[in-house]
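Chain by chain, the residues:
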Amino acid sequence: MALTIEAALLGSKTVGVRCEDGVISALGPEVVAEPGDEVIDAAGAPLVAPLVNGHTHAAMTLFRGSGGDLPLMPWLEERIWPVEAKLDAEDVYWGTRLACAEMIRTGTTRFWDMYWRPEATARAVLDSGIRAAVGAPLFDADGDLGRLQETARRSLEHLTELDSRITPALAPHAIYTVSERALRWIADFGAEHRVPVQIHLSETAEEVDECVATHGVRPAAYLDALGLLNERTVLAHGVWLDPVELELIAERGATIVTNPVANMKLAVGGVFPHPAARAAGVAIGLGTDGAGSNDSLDLLSDLKMFALVQKHAAADPTAVDAAEAWAVATGARAPLLGAGEPLTAGAAADFLLLEPHSAALGIGELTAGLVYAASGSIVDTTVVAGRVLMRGGEVPELEEIVARTAERARRLGL
Ligand SMILES: [Zn+2]
């Protein structure tokens, strides 16, 4: 069935949007519903592109509120990794359903995920109606390369051609948890299957020092030497990248996803060098990181943090303007992240309607209001592939999803 949105506000124009077979078939002032269409009267609600969360660990909603004031390594080693060893597919499924519900509620319609039991993540994404690039985290700190290869093979086998809303990916955890020989193998395996590879890089100063001490080069050069820096690579964090590394990343066409809130919460002590990355021509996206280290998945709130921390670090209020921040959060500055085309006929029918009479957006320029005044609660309606996933700020089944996820967290002793 076709879906038609009537009386939405696009810029200063009142438009209709008709969606058929997952794409926008018509958009403009003259577009009205046809007989038999599902119809939404937007009543003057602003129509905007949805957000792309470029880095998260969705099922970590299970860990929200657990160990939240510890430093990175004790947090991972004492609170996260021992519990993760006990996770089963149902835990991951419900944790991801909760994450998807939160993202739908706050305007994110696509995310990049790195988490255990990716088949359960993918099932939750499909049941929720949104889109994701999904990869199993790959580790071989125990020296077991065979098991890492088996995990990578099995997850790709399961995720490839599963559904057009799922993008299969590989997700080596980091250069300090994956061996050099495993990273080389992942580079070849990823190239062979033409899949994206996402990895945490240059999150802490210690990671950089250790890389230089062990390999004689900084992290970006190390990845490049292993064949892992290319147009299919997504680097999460990049806090400590230097200008030479940024030039190299730009030249290789890799994408950096900055996660300012997780970086501040874990107090990594630095800020992603956004102005230098932009000047070098690097593709840049925005992420929340997992709910264990943020703790919110409301990317619209993180968008304000991103803009503010960049202005503050540069001691320059013009370091990032609202239009640029909005472009970064919607994936428009990083084609690999999959934001798709702007809202036009022929584009995927993914979009948001905002509250028509909100206090935060009532006056002044819309983009500035979205970046500096709004949070995800401003989202009224979320549409993905022409399906209405939320209307009137209410995500269907939320009560059950929250209850089931809490049950799983209790089972894990969280
Ligand atoms: Zn992460």
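To be clear, the structure that these remarks concern was listed above.
Please read all numbers here as calculations on a predicted model, not as lab measurements.

K.L.:
Is there a simple way to explain the packing of aromatic side chains in this structure?
P.N.:
Describing an aromatic ring pair means giving the distance of the ring centres and the angle of the ring planes. Considering all chains together, one arrives at four aromatic pairs under this definition. Geometrically, the ring pair formed by W81 and F139 is edge-to-face, given 6.0 Å between the ring centres and 90 degrees between the ring planes. Here W81 is found in helix α1 (residues 72-84), whereas its partner F139 is found in the loop between β9 (137-138) and α4 (145-159), with 58 residues between them in sequence. Between W116 and F139, the aromatic rings sit 5.5 Å apart at their centres with planes inclined by 15 degrees, giving stacked as the arrangement. Separated by 23 residues along the polypeptide, W116 in the loop between β7 (108-114) and α3 (118-128) and F139 in the loop between β9 and α4 bring together distant segments of the chain. The buried category is assigned to F139, whose relative accessible area is 16%. Members of the aromatic cluster, connected to one another through ring pairs, are W81, W116 and F139.

K.L.:
In this structure, what is going on with the coordination of the zinc ion? I would like to understand it.
P.N.:
The protein atoms that coordinate the zinc ion are H55 (NE2), H57 (NE2), H200 (NE2) and D289 (OD), at distances of 2.1 to 2.3 Å. Written as a sequence motif, the donor arrangement for the zinc ion is H-x1-H-x142-H-x88-D. Taken as a pair, H55 in strand β6 (residues 51-56) and D289 in the loop between β15 (283-286) and α11 (299-314) lie far apart in primary sequence, 234 residues in all. One exposure class covers both H55 and D289, and it is buried.

K.L.:
I would appreciate a short explanation of the pattern of salt bridges in the present structure.
P.N.:
Scanning the model with the defined rule gives 25 salt bridges in all. With a shortest N-O distance of 3.0 Å, E245 and R218 are connected by a salt bridge. Separated by 27 residues along the polypeptide, E245 in helix α8 (residues 243-252) and R218 in the loop between α6 (205-215) and α7 (219-225) bring together distant segments of the chain. Accessibility expressed as a relative area gives 4% for E245, which makes it buried. Given the relative accessible area of 28%, R218 is considered partly exposed. Connected via shared salt-bridge partners are R18, E20, E34 and D37.

K.L.:
Looking at this structure, I do not really get the sheet that holds strand β16 (residues 351-354). What am I missing?
P.N.:
Each strand in a sheet pairs with another by means of backbone hydrogen bonds, the pair being arranged parallel or else antiparallel. With antiparallel pairing, four strands are arranged side by side in an open sheet as β5-β16-β17-β18. Of all strands in the sheet, those with a lone pairing partner are β5 (47-48) and β18 (387-390), marking the two edges. For β16 and strand β17 (residues 379-384), the ladder comprises four bridges, and the chain directions are antiparallel. Counted as the bridge partner of L352 is T382 from β17.

K.L.:
Whenever I open this one, the sheet that holds strand β4 (residues 38-41) confuses me. Can you help?
P.N.:
Pairing within the open sheet is mixed, and its four strands lie in the order β3-β2-β1-β4. At either end of the open sheet lies a strand with only one pairing partner, and these are β3 (23-28) and β4. Here the strands of the sheet are splayed against their neighbours by 25 degrees on average, with no regard to which way each runs. Of the strand pairs in this sheet, strand β1 (residues 3-10) and β4 are connected by four bridges, and their pairing is parallel. Looking at β4, one finds that I5 is bridged to I40.

Criteria and thresholds
Residues numbered from 1 in each chain as written. Predicted model: local features only at pLDDT ≥ 70, side-chain atom pairs only at ≥ 80, totals over all residues. Heavy atoms only, no water. Phe/Tyr/Trp six-rings, centres within 6.5 Å; stacked < 30°, edge-to-face > 60°. Helix = DSSP H or I, 4+ residues; strand = E, 2+ residues; numbered from the N terminus. Buried < 20%, exposed > 50% of the residue type's maximum accessible area, 1.4 Å probe, protein only. Donors = N, O, S within 2.8 Å, 3.2 Å for Na, K, Ca; no water. Salt bridge = Lys/Arg side-chain N within 4 Å of Asp/Glu carboxyl O. Pairing = 2+ DSSP bridges. Axes fitted to C-alpha atoms, helices over the stretch in contact; angles between N-to-C directions.

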